[in-house]
Amino acid sequence: MDANRQAKRIKWYRSPVAAAELARLNQRSDARGLVQTLSFLALLICSGGLACYAVGRAHWLGALALIYLHGALHAFMVNGFHELCHKTVFKTNALNIIFRNIYSFLGWYNHVSFWASHQAHHRYTLHPPDDLEVVLPVELSLRSYLGFAFVNPRGFVLRMKNVILLCFGVIENDWERALFPPENAEGRRALFNWARLLIIGHGLIALFALLTGWWMLAVLITLAPFYGGGFQYLLNVAQHIGLTDEVDDYRINTRTILLNPLLAYLYWQMNYHIEHHMYAAVPFYNLPQLHRLIKHDLPESSRGVTGAWAQIIPILRRQQREPDYQFAPELP
């Protein structure tokens, strides 16, 4: 499979950008990276602190709402983790690695597995079997959405199963087997070792919480990825859902959504998703500028989460009636 990937090349269409402009947009900044990464962590500390203070002091509904808010904010950690895996957040690579590991640990993410998968996703976006990170059509029902939007026990069980198996050197997922064949000994070793670190680290947090009675510590750190993720999911899944696969134009298989500054900050500017796929080396904080340069060459962008889903829901309904239907946005 790896040999096939090396032989296959997709000639992606990219909206033209002057070389000087692109060089400027590709510039990375330690200061801007620190502002985003540290302020996002500070936001989680504040939301977690408020939730912790409310337990036993405020009405239980208020405390529960603050815990849920913490989970809803924590869900956006995956977007920061994603950017840090791209190593475009900081000019100093050591900072990218340090914060990537912090975000990876806090979110129960395996950066080794993710980066192998995500490189394939960028090179072969929606061209199975070379990209199995996102496979169309994405099926979504209200029942399945509600199954994880508030509390996600199934997600917790599946994540724990995968991490524990990796701890013992077992790769169960077919996609991970393709990405980490037996001959990739170094990659498999890194994959397994990070899984072991996750189990040991979060196990120690849970043990400390149990021994000290600070059970909220485990709720706000170890369990945070498994509740409150419904709103972030609506943004993340909108990146490709309902669009067209096996094309060579990101404008047809990827969606850009215009968001207000607060949501764009939380989402690490990944609402500019066509732009991110076209020019993946551009740091997230420069994507708004890139959008302004090439928006004349893009389909009309959805406005807000409601605007995006007003487009997506009719597509999903039509796909239920016509399983082979795919939506292609009108190009300029």
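Small disclaimer: the values here were computed from a predicted structure and weren't measured.

**Q** Looking at this structure, I do not really get the packing of aromatic side chains. What am I missing?
**A** Within a pair of aromatic rings, the relevant descriptors are the distance that separates the centres and the angle that separates the planes. For the coordinates displayed, the defined rule picks out 16 aromatic pairs. Relative to Trp214, the ring of Phe208 lies with its centre 5.8 Å away and its plane at 80°, an arrangement referred to as edge-to-face. Judged by relative accessible area, Phe208 falls into the partly exposed class, the value being 40%. Taking relative accessible area as the criterion, Trp214 reaches 55% and is therefore assigned exposed. Between Phe284 and Tyr285, the ring centres sit 5.0 Å apart and the planes meet at 65°, which makes this aromatic pair edge-to-face. Through a chain of ring-to-ring contacts, the aromatic side chains of Phe40, Tyr103, Trp268, Phe284 and Tyr285 assemble into a single cluster. Of note, Arg318 hangs over the ring of Tyr325, and the distance from its end group to the ring centre comes to 3.8 Å.

**Q** Can you walk me through helix H11 (residues 185-212) in this structure?
**A** Along an α-helix, residues three or four positions apart point the same way, because every turn accommodates 3.6 residues. Here H11 contains 28 residues, and its C-alpha end-to-end distance of 40 Å stays within 8% of the 40 Å for a straight helix at 1.5 Å per residue. Buried within H11 are the following residues: Gly187, Arg188, Leu191, Phe192, Trp194, Ala195, Leu198, Gly201, His202, Ile205 and Ala209. In the core, the buried residues of H11 are packed alongside helix H6 (93-106), helix H7 (111-123), helix H9 (153-167), helix H10 (174-179) and helix H12 (215-220). Just past H11, the residue Gly213 takes up positive phi, approximately 80°.

**Q** Is there a simple way to think about the nonpolar core in this case?
**A** Most often, soluble globular proteins have nonpolar side chains that are buried together. Among the nonpolar cores identified, the biggest contains 75 residues, and Phe40, Tyr103, Leu259, Leu290 and Trp309 are the most heavily contacted of them. A per-element tally of this core places H11 first, with six residues. What Phe40 contacts, discounting residues up to four positions off in sequence, is Leu73, Phe76, Met77, Tyr103, Tyr265, Leu266 and Trp268. The next biggest cluster of nonpolar side chains, apart from the first, holds seven residues, and it includes Ile67, Val219, Leu220 and Ala224.

**Q** Would you mind going over unusual backbone geometry with me for this structure?
**A** The general pattern is negative phi for most residues beyond glycine and trans for most peptide bonds. Cis peptide bonds are those with omega within 30 degrees of zero, and the linkage from Pro128 to Pro129 qualifies with 5°. Note on placement: Pro129 falls in the loop between H7 and helix H8 (142-149). At the junction of Leu136 and Pro137, the peptide bond is cis and its omega measures out at 0° in the coordinates. Inspection of the secondary structure assignment puts Pro137 in the loop between H7 and H8.

**Q** I'm lost on the pattern of salt bridges in this one. Help?
**A** Pairs may arise between side chains of opposite charge once their charged atoms sit close together. Here the structure, examined in full by the defined rule, presents six salt bridges. The shortest N-O distance in the salt bridge between Lys161 and Glu172 comes to 3.3 Å. In this pair, Lys161 is assigned in helix H9 and Glu172 in the loop between H9 and H10, connecting sequence segments 11 residues apart. Taking the relative accessible area as the measure of exposure, Lys161 reaches 41% and is therefore partly exposed. Residue Glu172 is classed as partly exposed on the basis of its relative accessible area of 41%. Across the pair Arg177 and Asp174 runs a salt bridge, and its minimum N-O distance is 2.5 Å. Here Arg177 pairs with Asp174, and both are found in helix H10, just three residues apart, close to one helical turn. One connected set of salt bridges, linked through shared partners, spans Asp249, Arg251 and Asp297.

Scoring rules and cut-offs
- Residues numbered from 1 in each chain as written.
- Predicted model: local features only at pLDDT ≥ 70, side-chain atom pairs only at ≥ 80, totals over all residues.
- Heavy atoms only, no water.
- Phe/Tyr/Trp six-rings, centres within 6.5 Å; stacked < 30°, edge-to-face > 60°.
- Buried < 20%, exposed > 50% of the residue type's maximum accessible area, 1.4 Å probe, protein only.
- Lys NZ or Arg CZ within 6 Å of the ring centre and 35° of its normal.
- Helix = DSSP H or I, 4+ residues; strand = E, 2+ residues; numbered from the N terminus.
- Expected span 1.5 Å × (residues − 1).
- Contact = heavy atoms within 4.5 Å.
- Core = buried A, V, L, I, M, F, W, Y, C linked by side-chain atoms within 4.5 Å.
- Salt bridge = Lys/Arg side-chain N within 4 Å of Asp/Glu carboxyl O.

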